[in-house]
Amino acid sequence: MTSLAASDFGIDITSQRDLLATLERHIKQSIAHQRYIALVTCQIHEFRELKVAHGYNFANQVIRETYERLEDIARESSCIFRTGPCEFALILPFLASPSIAEIAANKICNTLREVYAIDSHSLHLEPKLGVAVSGEEAIDTGSLALLSEEALLKAKYSADFFVINHCDTLSQQDEDLDSAMWKAVESSDFELFLQPQLCLKSANCISFESLIRWQHEGAYISPEKFITRAEKTELIHPLTKWTINNALRQLANLPSKLKKLGTSVNISGACFSQDVLVSQVASAIEIWGVEPSKLTLEVTETVFMEDLSRTHDICAELRDNIGVKISIDDFGTGFSTFESFKHISADELKIDKSFVQGIMTDPQDKHIVQCMIDLAKGTGLETVVEGVESLEMLRELSKMGADIGQGYFIAKPFSEHHQQNWLETKARSLRAMLKITPYN
Ligand code: C2E
Ligand code: CA
Ligand code: CA
């Protein structure tokens, strides 16, 4: 087994270059013997807190004991490295089958979760492990390292102690997209575009929908495409956290005369499978000091249908305890029953653009939109009509009693830098066109 350089001060940190060089050697040897190889990245986030609470020496003792525990369970052929202040990497070469990686991950978690008795303290640590394991195809060093880091990120946002990425299970295209997205999450390489929402009575812009954008290989790729992948890989959790924080940052940075504006953020169904959403929202509101009611979370009708009671409970907590608003997005596409609709805890109904766009040409669509507006009014919800593409549609929807309009006629989504300019020029000319009192 490769030993770490251990000094009186703790365990030395191995450079990424040395780790990759060793990994490369082991990949070659495992492939030559038709065996599998796994790279385990292990993080123990409590180290930092321990250092602050009990001092450097104490934290180093924890690190040393962690290393010794890993050494006790590792096989002769394995290598253990300390790769960061609170991170270890284990190379597990010559595996007879990929499933052995899972057995090893379980063993590591169980060992590290046993009580640590250091000085007079009893400690309980909660390790998080990311495991990448090779498959039938040859794998290169960088990809194995990236998949292991990516698995660690997934584990950090899940209730499990470890997540395993099997190198063969994804198509090369998905794998490339996931890896690029993982890097983009790490470096916050996304943008938020804003699309104005207009109060149809006053013609004032009252809010913006925040829509994520990502430039990959020189071109913007459809949010629907990468969000679908993010939902499958747990990346949706850090992505949602990023979106909420950036939408609130934008709001917090507005000049005081624009403080009345709100923002809405799309929340994927996958975010309701875990408990992190409520704490993510609460902490973002605290960080940016924004009035909670200025944030609307858009949840599609389909998500409510999939798990009504869980989604309802989380939305009720977000509304009642935190004070944010909930909007039922893409309404009309999910076929909710009146019975289930009655139980949804929301403030706003967002009528899907597929119905709105038909109101000038299809009497049935117009009738359906009118019914939805009436339903919303009768149940105390505001209505937002999306997909407003012409002045005629805007006027018609206003007559039909819709409260808020959004669509290409008002503005296509634009980058944050255009927001002030849009409010000062386009928003004014829209109001003038609609012959309504000026913006104040
Ligand atoms: P959505 O929530 O229904 O967002 C509205 C989409 O309709 C946006 O597309 C917007 O650009 C487009 N749109 C707005 N006005 C008009 C119009 O007048 N005509 C037409 N034809 N289209 C209009 P976008 O930005 O491509 O977003 C697509 C979907 O991706 C969104 O649909 C939403 O489901 C998802 N999405 C976008 N950003 C995020 C995000 O930050 N998080 C999550 N979870 N999903 C997001
Ligand atoms: Ca939306
Ligand atoms: Ca929508």
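Quick caveat, the model's predicted, so the values are computed rather than measured. (Residues numbered from 1 in each chain as written. Chains lettered and ligands numbered in written order. Predicted model: local features only at pLDDT ≥ 70, side-chain atom pairs only at ≥ 80, totals over all residues. Heavy atoms only, no water.)

Novice: Pulling in residues and values, what's your account of the overall build of the chain?
Specialist: Each helix and strand in the chain was counted, giving 17 helices and 20 strands. Along the first, second and third principal axes, the C-alpha atoms of the chain reach 80 × 50 × 45 Å. For the chain, the residues scored as buried account for 52% of the 440 residues in total. Across the chain, the fraction of contacts at a sequence separation of at least 24, relative to all contacts at a separation of at least 6, is 69%. Element-wise, carbon and sulfur atoms account for 51% of the exposed surface of the chain, whose accessible area totals about 20600 Å². (Helix = DSSP H or I, 4+ residues; strand = E, 2+ residues; numbered from the N terminus. Buried < 20%, exposed > 50% of the residue type's maximum accessible area, 1.4 Å probe, protein only. Contact = heavy atoms within 4.5 Å. Areas by Shrake-Rupley, 256 points an atom, 1.4 Å probe, with all protein chains shown as cover.)

Novice: Mind laying out helix α9 (residues 276-288), listing which residues take part and the relevant values?
Specialist: Here α9 contains 13 residues, and its C-alpha end-to-end distance of 18 Å stays within 8% of the 18 Å for a straight helix at 1.5 Å per residue. Of the residues making up α9, those classed as buried are Leu277, Val278, Gln280, Val281, Ala284 and Ile285. Each buried residue of α9 sits inside an arc of 165° when the element is viewed along its axis, so together they form one side. In α9, the exposed positions that point more than 90 degrees away from the buried face belong to Glu286 and Ile287. Those residues of α9 that are buried lie in contact with α8 (236-252), β15 (295-300) and α11 (308-322). Trailing α9 by a residue or two, Gly289 shows a phi angle of about 60°, which is positive. (Expected span 1.5 Å × (residues − 1). Arc of directions from axis to C-beta.)

Novice: Tell me about the coordination of the calcium ion (ligand 2), and please be specific about residues and values.
Specialist: Around the calcium ion (ligand 2), the protein contributes the donor atoms Glu209 (OE), Asn266 (OD1), Glu298 (OE) and Asp329 (OD), which lie 2.1 to 2.4 Å from the metal centre. Site description for the calcium ion (ligand 2): donor spacing in sequence, E-x56-N-x31-E-x30-D. Between the calcium ion (ligand 2) and the calcium ion (ligand 3), both coordinated by Asp329, there is a metal-metal distance of 3.8 Å. Here Asn266, found in strand β14 (residues 262-266), pairs with Glu298, found in strand β15; they are 32 residues apart in sequence, far enough to count as distant. (Donors = N, O, S within 2.8 Å, 3.2 Å for Na, K, Ca; no water.)

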